Amino acid sequence: MLAHPATKYRPFAPIALTDRRWPNRTIDRAPIWMSADLRDGNQALFEPMDAERKLRFFRTLCAIGFKEIEIAFPAASQPEFDFVRQLIEQDMIPEGVTIGVLTQARPELIARTIEAVRGARRAIVHVYNATSPVFRDTVFGMDKAEVIALAVSAVSQVCELVAAAPETEWVLEYSPETFAATELDFALEVCDAVTAAWGATPQRKMILNLPTTVEVATPNVYADQIEWMHCHLARRDSVILSVHPHNDRGTAVASAELALMAGAERVEGCLFGNGERTGNVDLVTLALNLYTQGVASGLDFSDINAVARVAEECTRLPIHPRHPYVGDLVFTAFSGSHQDAIKKGFAAQAKDALWNVPYLPVDPADLGRSYDSVIRVNSQSGKGGVAYLLETHYGIVMPRRLQIEFAGVIQRHTEMHGGEVSAADVWRLFAATYLDAEAPVHLIEHHLFEQGSAQGVRLTISFHGQRQVISGEGNGPIDAAVNALRSIGINIQVRSFEERSVGGDSEARACAFIEVAGAGSGERFGVGLDTNIVTASLKALVSGVNRLGLMDTAEREQQAA
Ligand code: KIV
Ligand code: ZN
């Protein structure tokens, strides 16, 4: 049994504000939005975006209407540095869009960061160091005076370097990382020292960004912290007060909203809540929350599915089907009472009247979406509907990335043939695409054997119609089969593997999903269904190989032989 949490966790002390004003405020205008997708979000991926994906994402952010985009941490790696250079040298930054770059408060990183943005029209140099007690005491071994000195010396270095590059309009942004867990009076001392070092004036404002690097308290506490800073900053009129909420307690959106009520003017976050660990505040939800309160957000999500597609394809992270506004299921009602109320609401909704439909806080049409009272699949459907039909009718629960891939198959079909597809059509297409992908490699049988500590497999296959027996060893049957295929010139890597059971009791079968990649030929899923779990996974592997269409090398060798 776990010990009582009071013996392990310390509650966050409330802020002693006696005259807090934020609870009586409403948000009546949009903040300055800053997208951290290409930085905080990019650092948070298994495989950070390559330049092509970053560029696609950057263009999407510009099209949505972001005017400030933190594009990289250029001192962190050469590709990050090169991406910044590419945007500047190839003149890819639209008029009115300001790029930002992030750096720790370390002299060599600052120098490299400023070198990266050389020649930009306007650039935000974002410097940070952590200020909370655990970082001072445990991570850096610095006292308060040393932490302030570090921040001031970083800012002084930025001042010197930018003075030598007057062709760029420079904006300084400073973040006391872990602000939310820092003693307020100390955070104020650091921020005031930094604004003085930069020489911030109302004509030359700097950005002070106060992050919940880790959320440590309820959103009202964060709002109190922001209001306190807002009231006590020495040069408030020379500062753009920014917030950067993370979502460790699941309250990033609330934190951002209350912080705006408390005096913040700018919000940093990512689309759909991507970002390190639990993510940054979801800018889409924030903007659409404003929109549904009648406040123009300045961001265009009128085709939210298209934005979601770009985000999913660039980050390779799926969006949850119940994600506010964008999830595949948020405008789908399954229950009869919801369907009935919504149907009546739509019927009563006059064209020019204020929106007033039960269960729907926003008109799906404003986001380029539609309301589905039952799951329907047509060329406009997302992957959720397709996945739902396969799951409920055939018991196949696809991994999310396969859902995205298979939704493309369905979309091509519906675009070509028009209309809706039934569950039976979806199954037919699924079987034809994955289960029947049996050429040029067809698995006839397999035999497992042990080879010392390794797992061996002998595969009887037909390859281009010719029966062959190949064998390989590895750390398991799939690895061994990959090595066996290599012996006939088929070189692939397994990216992911999942196996689930389908059907119950005596009828249970294993369904294996394998994502394979071949050099230069992209990635594809293969699926195998069998009563035997090893057979299911080997069938999935062969299906993936056949779908990858990377027979070229093997075919050439076959022909040469
Ligand atoms: O979460 C954080 O504190 C940051 C800072 C660098 C702003 O990302
Ligand atoms: Zn962050």
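Coordinates for the structure precede this section.
### A look at helix α14 (residues 400-417)
- An ideal rise of 1.5 Å per residue puts 26 Å on 18 residues; α14 measures up with 25 Å between its terminal C-alpha atoms.
- All of the buried residues in α14 are L402, Q403, E405, F406, A407, G408, V409, I410, H413 and T414.
- One or two steps after α14, the chain reaches G418, where phi turns positive at roughly 75°.

### Examining the environment of A197
- Relative to the helices and strands, A197 is located in helix α7 (residues 184-198).
- Owing to a relative accessible area of 26%, A197 belongs among the partly exposed residues under this scheme.
- Apart from residues lying up to four places away in sequence, A197 is in contact with V152, V155, S156 and C159.

### Regarding the site of ligand 1
- Close to ligand 1 lie R39, D40, L102, H126, Y128, S175, E177, N209, P211, T213, H244 and H246, which account for all nearby residues.
- Here an oxygen atom of ligand 1 and a side-chain polar atom of H244 are 3.1 Å apart.
- Burial of ligand 1 by the protein amounts to 96% of the accessible area it has alone, namely 260 Å².

### A few points about the sheet that holds strand β13 (residues 509-518)
- Spatially, the three strands line up as an open sheet ordered β12-β13-β14, and their pairing is antiparallel. In this open sheet, the two edge strands, each paired with only one partner strand, are β12 (492-502) and β14 (523-530). Mean inter-strand twist for the sheet, computed between neighbouring axes without regard to direction, equals 20°.
- Its contacts with the sheet place α14 against β13 and β14, and it is angled at close to 105° to β14.

### Side note on the sheet that holds strand β11 (residues 466-474)
- With antiparallel pairing, the three strands of this open sheet are ordered in space as β9-β10-β11. On the outer flanks of this sheet lie β9 (441-451) and β11, each paired with one strand and no other. Neighbour-to-neighbour, the strand axes of the sheet open up by a mean angle of 20°, direction not taken into account.
- Against the sheet, helix α16 (residues 477-486) makes contact with β9, β10 (454-463) and β11, and its axis sits at roughly 125° relative to β11, the strand it touches most.
- Sitting on the sheet, helix α17 (residues 533-548) is in contact with β9 and β10, with an inclination near 130° to β9.

### As for helix α8 (residues 219-232)
- Helix length check: α8, at 14 residues, gives a terminal C-alpha distance of 20 Å against a target of 20 Å (1.5 Å per residue), a fit within 8%.
- When you tally the buried positions in α8, you get ten out of 14 residues, the bulk of the element.
- When we look at burial in α8, the residues that qualify are P219, V221, Y222, A223, D224, Q225, I226, E227, W228 and M229.
- Looking at the packing, one finds that the buried side of α8 touches α7, β6 (206-212), β7 (239-245) and α9 (252-261).

### As for the coordination of the zinc ion (ligand 2)
- Binding of the zinc ion (ligand 2) to the protein goes through D40 (OD), H244 (NE2) and H246 (NE2), at separations of 2.1 to 2.2 Å.
- Sequence spacing among the residues donating to the zinc ion (ligand 2) works out to D-x203-H-x1-H.
- What makes H246 buried here is its relative accessible area of 3%.

### Here's the deal with the packing of helix α2 (residues 51-64) against helix α11 (residues 304-315)
- The geometry of α2 relative to α11 is characterised by a closest axis approach of 9 Å and an angle of 155° between their N-to-C directions. Classified by the angle between their axes, α2 and α11 sit roughly antiparallel to one another. For the crossing formed where α2 meets α11, the hand is left-handed. Here R53, R56, F57, T60 and I64 of α2 come into contact with α11, specifically with V307, V310, A311, E313, C314 and T315.
- Of the residues that constitute the contact of α2 with α11, the class distribution is six nonpolar, two polar and three charged.

### Considering unusual backbone geometry
- The omega angle of the peptide bond from A439 to P440 is 5°, so this bond is cis rather than trans.
- Of note, P440 is situated in the loop between α15 (423-435) and β9.
- A positive phi angle, close to 65°, is found at T178, a residue other than glycine.
- With respect to the element layout, T178 can be found in the loop between β5 (169-177) and α7.
- Of note in the backbone geometry, F272 takes a positive phi value of approximately 60° without being a glycine.
- Within the secondary structure layout, F272 lies in the loop between β8 (266-269) and α10 (283-291).

### As for the pattern of salt bridges
- Within this structure, the stated rule accounts for 26 salt bridges.
- We note a salt bridge from E70 to R39, for which the minimum N-O separation is 2.6 Å. With E70 in strand β2 (residues 68-72) and R39 in helix α1 (residues 37-41), this residue pair connects regions lying 31 residues apart in the sequence.
- Owing to a relative accessible area of 1%, E70 belongs among the buried residues under this scheme.
- R53 serves as the salt-bridge partner of E47, at 3.1 Å between the closest nitrogen and oxygen.
- A relative accessible area of 9% places R53 in the buried class.
- Members of the salt-bridge network, linked through shared partners, are E47, D50, R53 and R316.

### Side note on the side chain of S238
- Structurally, S238 is set in the loop between α8 and β7.
- Within polar-contact distance, the side chain of S238 engages the side chain of D237 at 3.1 Å.
- Discounting chain neighbours no more than four positions away, the residues touching S238 are A200, T201, P202, R204, K205 and M206.

### A word on the packing of aromatic side chains
- Evaluation of the coordinates by the stated rule reveals seven aromatic pairs.
- Seen in terms of ring centroids, Y394 and W427 are 4.8 Å apart; in terms of plane orientation they differ by 15°. Their pairing is stacked. Of this pair, Y394 sits in helix α13 (residues 383-394) while W427 is found in helix α15, placing the two residues 33 residues apart along the sequence.
- On the basis of an interplanar angle of 80° and a centroid distance of 5.4 Å, the ring pair of F406 and F430 is categorised as edge-to-face. Of this pair, F406 sits in helix α14 while F430 is found in helix α15, placing the two residues 24 residues apart along the sequence. One exposure class covers both F406 and F430, and it is buried.
- Among the aromatic residues, those joined into a ring-pair cluster are Y394, F406, W427, F430 and Y434.
- In this structure, R112 packs its charged tip against the face of F81, placed 3.6 Å from the ring centre.
- Above the ring of F186, the side-chain terminus of R136 is found at 4.9 Å from the ring centroid.

### Remarks on the nonpolar core
- Residues F58, I71, I226, M229, L271 and F301 are the most contacted members of the largest nonpolar core, which totals 108 residues.
- With eight residues, the top contributor of residues to this core is α7.
- Those residues in contact with I71 that lie beyond four places of it in its chain are L38, K54, F58, F83, V84, L87, I99, G100 and V101.

The rules behind the values
Residues numbered from 1 in each chain as written. Chains lettered and ligands numbered in written order. Predicted model: local features only at pLDDT ≥ 70, side-chain atom pairs only at ≥ 80, totals over all residues. Heavy atoms only, no water. Helix = DSSP H or I, 4+ residues; strand = E, 2+ residues; numbered from the N terminus. Expected span 1.5 Å × (residues − 1). Buried < 20%, exposed > 50% of the residue type's maximum accessible area, 1.4 Å probe, protein only. Contact = heavy atoms within 4.5 Å. Near = heavy atom within 4 Å. Polar contact = N/O pair within 3.5 Å; in protein donor to acceptor, adjacent residues only side chain to side chain. Areas by Shrake-Rupley, 256 points an atom, 1.4 Å probe, with all protein chains shown as cover. Pairing = 2+ DSSP bridges. Axes fitted to C-alpha atoms, helices over the stretch in contact; angles between N-to-C directions. Donors = N, O, S within 2.8 Å, 3.2 Å for Na, K, Ca; no water. Parallel < 35°, antiparallel > 145°, perpendicular 65-115°, else oblique. Left-handed = near helix turned anticlockwise from the far one by under 90°. Nonpolar A, V, L, I, M, F, W, Y, C, P; charged D, E, K, R; others polar. Salt bridge = Lys/Arg side-chain N within 4 Å of Asp/Glu carboxyl O. Phe/Tyr/Trp six-rings, centres within 6.5 Å; stacked < 30°, edge-to-face > 60°. Lys NZ or Arg CZ within 6 Å of the ring centre and 35° of its normal. Core = buried A, V, L, I, M, F, W, Y, C linked by side-chain atoms within 4.5 Å.

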